[in-house]
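The primary structure of each chain is shown beneath.
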Amino acid sequence: MKKLTALFLAAMLVMAMSTTAFAAGSGNIGTTGGSQPIDVSARYTGGTSTPAVYSVDLAWEDMSFTYTAAGTRTWSPDTHSYTDDTTASWSEGKTITVTNHSNTAVSAGFTYAADTAFTAAAGSFTASTISLASAENTAVASAPNGFTTFSLSGTLPDTQTASGKIGTITVTLS
């Protein structure tokens, strides 16, 4: 009985150690020098991530403007005030350029806030938002770019005879 049990356990051990191979195809080479092609296939499973890297250049012209009033102001002794026959204008707008060197698309938004004493001078942009494509697969010199022109309108107090800060432009990236 012991021999029979040992034989049975040895057979079980041999069966547990053997491996069966399953073929996905078959063929037959029937002659010396014959061949059998076997197709090889593969697939890529992405396991890497590419985080967004933001690099956006801003360039702008000198944001100094001149408000020019011309004409005649006539004094009225009856009302103790001036009759204003003047025209006024602002110097030409100034350009802000945005260049995207990021590996993702970006948008640049533009806002203007006048300082408290200068709210009568309003600012505006030809484009309040610029959307730029990713810089992937572009040469540095050909990076996606765009521009907006900032202009002032309204009035400036006649006491502001020296150039000074009247507001702030903010560029926001999204």
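First, a word on what this report is: a plain description of the structure on this page.

### A few points about the nonpolar core
Next, step 1: Of all hydrophobic cores here, the largest spans 17 residues; its most connected members are Trp90, Phe110, Leu152 and Ile166.
Next, step 2: For this core, the elements supplying multiple residues, two or more each, are strand 4 (94-100), strand 5 (106-114), strand 6 (121-125), strand 7 (129-132) and strand 8 (145-154).
Next, step 3: By residue number, the principal contributor to this core is strand 5, which donates four residues.
Next, step 4: Apart from the residues within four sequence positions on either side, Trp90 is in contact with Phe65, Thr66, Tyr67, Ala121, Leu152, Ser153, Gly154, Thr155, Leu156 and Ile166.

### Some points on the sheet that holds strand 4
Next, step 1: Here we have four strands laid out as an open sheet, ordered 1-4-8-6, and antiparallel in their pairing. Each edge of the open sheet carries a strand with a single partner, namely strand 1 (56-60) and strand 6. Neighbour-to-neighbour, the strand axes of the sheet open up by a mean angle of 20 degrees, direction not taken into account.
Next, step 2: In terms of strand pairing, strand 1 meets strand 4 through five bridges, oriented antiparallel. Across the sheet, residue Asp57 finds its bridge partner in strand 4, namely Thr99.

### Remarks on the sheet that holds strand 7
Next, step 1: Spatial ordering of the open sheet is given by 7-5-9, a layout of three strands whose pairing is antiparallel. Across the chains shown, the open sheet's two edge strands, defined by having one partner strand only, are strand 7 and strand 9 (167-173). Strand-to-strand twist of the sheet, defined as the mean angle between neighbouring strand axes without regard to direction, takes the value 15 degrees.
Next, step 2: Sheet analysis places strand 5 next to strand 9, joined by seven bridges and oriented antiparallel. Within the sheet, the bridge partner assigned to Gly109 lies in strand 9 and is Thr172.

### A short note on the pattern of salt bridges
Next, step 1: Under the definition given, this model contains one salt bridge.
Next, step 2: Residue Asp115 pairs with Lys165 through a salt bridge whose shortest N-O separation is 3.8 Å. Of this pair, Asp115 sits in the loop between strand 5 and strand 6 while Lys165 sits in the loop between strand 8 and strand 9, and the two are 50 residues apart along the sequence.
Next, step 3: Overall, the relative accessible area of 56% leaves Lys165 in the exposed class.

### A closer look at the pairing of strand 7
Next, step 1: Across the two faces of strand 7 the burial differs, with Ile130 and Leu132 buried and Thr129 and Ser131 not buried at all.
Next, step 2: With four bridges joining them, strand 5 and strand 7 adopt antiparallel strand pairing. Among the inter-strand pairings, Gly109 is bridged to a residue of strand 7, identified as Thr129.

Rules of the game
- Residues numbered from 1 in each chain as written.
- Predicted model: local features only at pLDDT ≥ 70, side-chain atom pairs only at ≥ 80, totals over all residues.
- Heavy atoms only, no water.
- Core = buried A, V, L, I, M, F, W, Y, C linked by side-chain atoms within 4.5 Å.
- Buried < 20%, exposed > 50% of the residue type's maximum accessible area, 1.4 Å probe, protein only.
- Helix = DSSP H or I, 4+ residues; strand = E, 2+ residues; numbered from the N terminus.
- Contact = heavy atoms within 4.5 Å.
- Pairing = 2+ DSSP bridges.
- Axes fitted to C-alpha atoms, helices over the stretch in contact; angles between N-to-C directions.
- Salt bridge = Lys/Arg side-chain N within 4 Å of Asp/Glu carboxyl O.

The quantities given are spatial measurements derived from coordinates; they are silent on function.
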